[in-house]
Amino acid sequence: MFTRAIAAAAGLLVASASANSKRGLVFTPNSTSPDDAYIWTAPPTDLTWYYNYKPLPSQIYSNVSQSDFEFVPMLWGAPSDINDKSFYNTIKTLIDERGINVTHILTFNEPDGPGQYGGSDIDPGVAAQVWVNNIVPLQEDYKALRVGLPACTGAPAGMEWTKKFLEACSGLISEDEKTKNCTFDFVPIHWYGNFEGLASHMGEYSATFPNKSMWVTEYNLANANLQETQAFYITSAEYLDRLDFVERYSLFGAFRSDVSNVGPNAAMLNRDGELTDIGAWYLGRQSTGVDPNSGKGGKDSGAVRVPTPRLVILLLVSLLGLVNYA
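Conventions adopted
Starting afresh in each chain, residues are numbered from 1 along the sequence in its written order. Local features are withheld for residues below a pLDDT of 70 in this predicted model, meaning they are given only at 70 or higher, and side-chain atom pairs are given and counted only at 80 or more; totals for whole chains, interfaces and linings count all residues. Each side-chain value is derived from all of the structure's non-hydrogen atoms; neither hydrogens nor water enter the calculation. Only runs of H or I of at least four residues qualify as helices and only runs of E of at least two qualify as strands under DSSP, and these elements are numbered from the N terminus. When accessible area is computed with a 1.4 Å probe and restricted to protein chains, residues below 20% of their type maximum are described as buried, those above 50% as exposed, and intermediate ones as partly exposed. Residues scored as positive are Lys and Arg, those scored as negative are Asp and Glu, and His as well as the terminal groups of each chain are ignored. When a carboxyl oxygen of Asp or Glu lies within 4 Å of a side-chain nitrogen of Lys or Arg, that pair is called a salt bridge. Here is the rule: rings of Phe, Tyr and Trp (six-membered ring for Trp) pair when centre to centre is within 6.5 Å. Planes less than 30 degrees apart are stacked, more than 60 are edge-to-face, and the remainder are tilted.

The name given to the chain in an unreviewed UniProt entry is Glycoside hydrolase family 128 protein, and the organism recorded there is Neurospora intermedia.

Here you go:
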């Protein structure tokens with residue numbers, strides 16, 4: 001019964017998610033199976049944009065137009081030389097010489113987090129100087145270019161880092177006792193936890209930056225059982241789709257389950273590179289019934305469990321629009 005409820009809810013979500021302009025790809029290629037990258041652009045797909053943590057587009061998507069699958073460059077971390085303007089020069093080359101229509105920029109990936117967990121680990125003052133050297137001149141040269149605030153971790157320290165960064169950035173560009181602020185167009189956030197936590201985290205940033213749109217550029221429920229993970233995906237996707245201030249989002253899970261660092265059930269591919277239910281739903285397709293832990297002779301993990309009644313109730317009322325976490 002509960003499994004059928006999850007499947008029915010997923011069907012409703014898929015039916016309403018066609019041509020979803022919000023939905024994108026966090027590109028994390030598996031070097032041992034590079035052909036997996038083609039899965040995300042093969043029709044039918046709801047994905048319209050991607051980023052790869054780098055300033056240059058991925059060669060594997062060179063046959064896909066920018067208008068069909070938009071590449072969003074990222075200034076991931078700070079260069080060894082704080083005065084380095086390589087990112088600025090790279091984006092100018094993409095636009096002026098290669099003719100790529102770059103419309104959005106992402107900056108500093110989890111600068112409040114340590115390197116061993118994927119963070120760029122940058123002092124707010126250093127990040128501010130790098131921003132002034134690279135982002136500010138891009139904003140001056142390309143007025144239509146939209147820039148994202150640095151994407152901090154979901155920890156409380158993230159907001160503290162952001163405030164220190166903005167203060168330092170303002171101090172660098174203010175002159176003659178006239179205060180100026182570094183500007184940005186949208187607020188990217190990351191979250192790895194349950195749905196209630198995601199909604200609360202989004203609410204905190206929305207309240208702090210009320211006039212800015214939001215991108216959820218990394219999110220998932222890590223290391224949970226399959227039913228809980230699927231219910232989180234369905235509930236969160238429906239939530240993100242219906243909130244006007246959420247401009248884009250990208251689920252962190254575009255890899256095989258045996259190389260997943262958020263648990264196998266959060267992966268969009270099984271061990272053989274087949275789309276799991278979550279992977280198929282994210283692309284706007286129907287369920288596949290593929291167990292994330294299957295493939296390569298792997299045994300059934302036993303991860304499919306009957307969800308709790310509370311979880312199913314939360315899922316269904318959310319899809320019916322009876323609960324508003326905003």
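Now, onward.
Enquirer: Looking at this structure, how should I read the side chain of Asp 291?
Expert: Looking at where Asp 291 falls in the secondary structure, it is placed in the loop between α7 (277–282) and α8 (309–319). The charged side chain of Asp 291 is buried without a salt bridge, its nearest counter-charge being Arg 271 at 8.0 Å.

Enquirer: Whenever I open this one, the packing of aromatic side chains confuses me. Can you help?
Expert: Here a ring pair, both rings aromatic, is described through the centre-centre distance and the interplanar angle of the planes. Under the counting rule described, the total for this entry stands at 23 aromatic pairs. Centre to centre, the rings of Phe 184 and Phe 209 are 5.6 Å apart; their planes meet at 85°, and the pair counts as edge-to-face. Remark: Phe 209 occurs in the loop between α5 (195–208) and β8 (213–220) and Phe 184 occurs in the loop between α4 (156–173) and β7 (186–192); sequence separation between them is 25 residues. You can call Phe 184 buried: its relative accessible area is 8%. Phe 209 sits in the buried class, given a relative accessible area of 11%.

Enquirer: Just to check I follow, could you spell out unusual backbone geometry for this structure?
Expert: Across the chain, the bulk of peptide bonds are trans and the bulk of non-glycine residues have phi less than zero. With an omega of -5°, the peptide bond running from Pro 43 to Pro 44 counts as cis. With respect to the helices and strands, the residue Pro 44 is situated in the loop between β1 (24–26) and β2 (49–51). The residue Tyr 53 is not glycine, and still its phi comes out positive at about 70°. Among the secondary structure elements, Tyr 53 is positioned in the loop between β2 and β3 (70–71). What makes Tyr 53 buried here is its relative accessible area of 18%. Residues other than glycine seldom take positive phi values, yet Asn 223 does so here, at roughly 55°. Relative to the elements of secondary structure, Asn 223 occurs in the loop between β8 and α6 (226–242).

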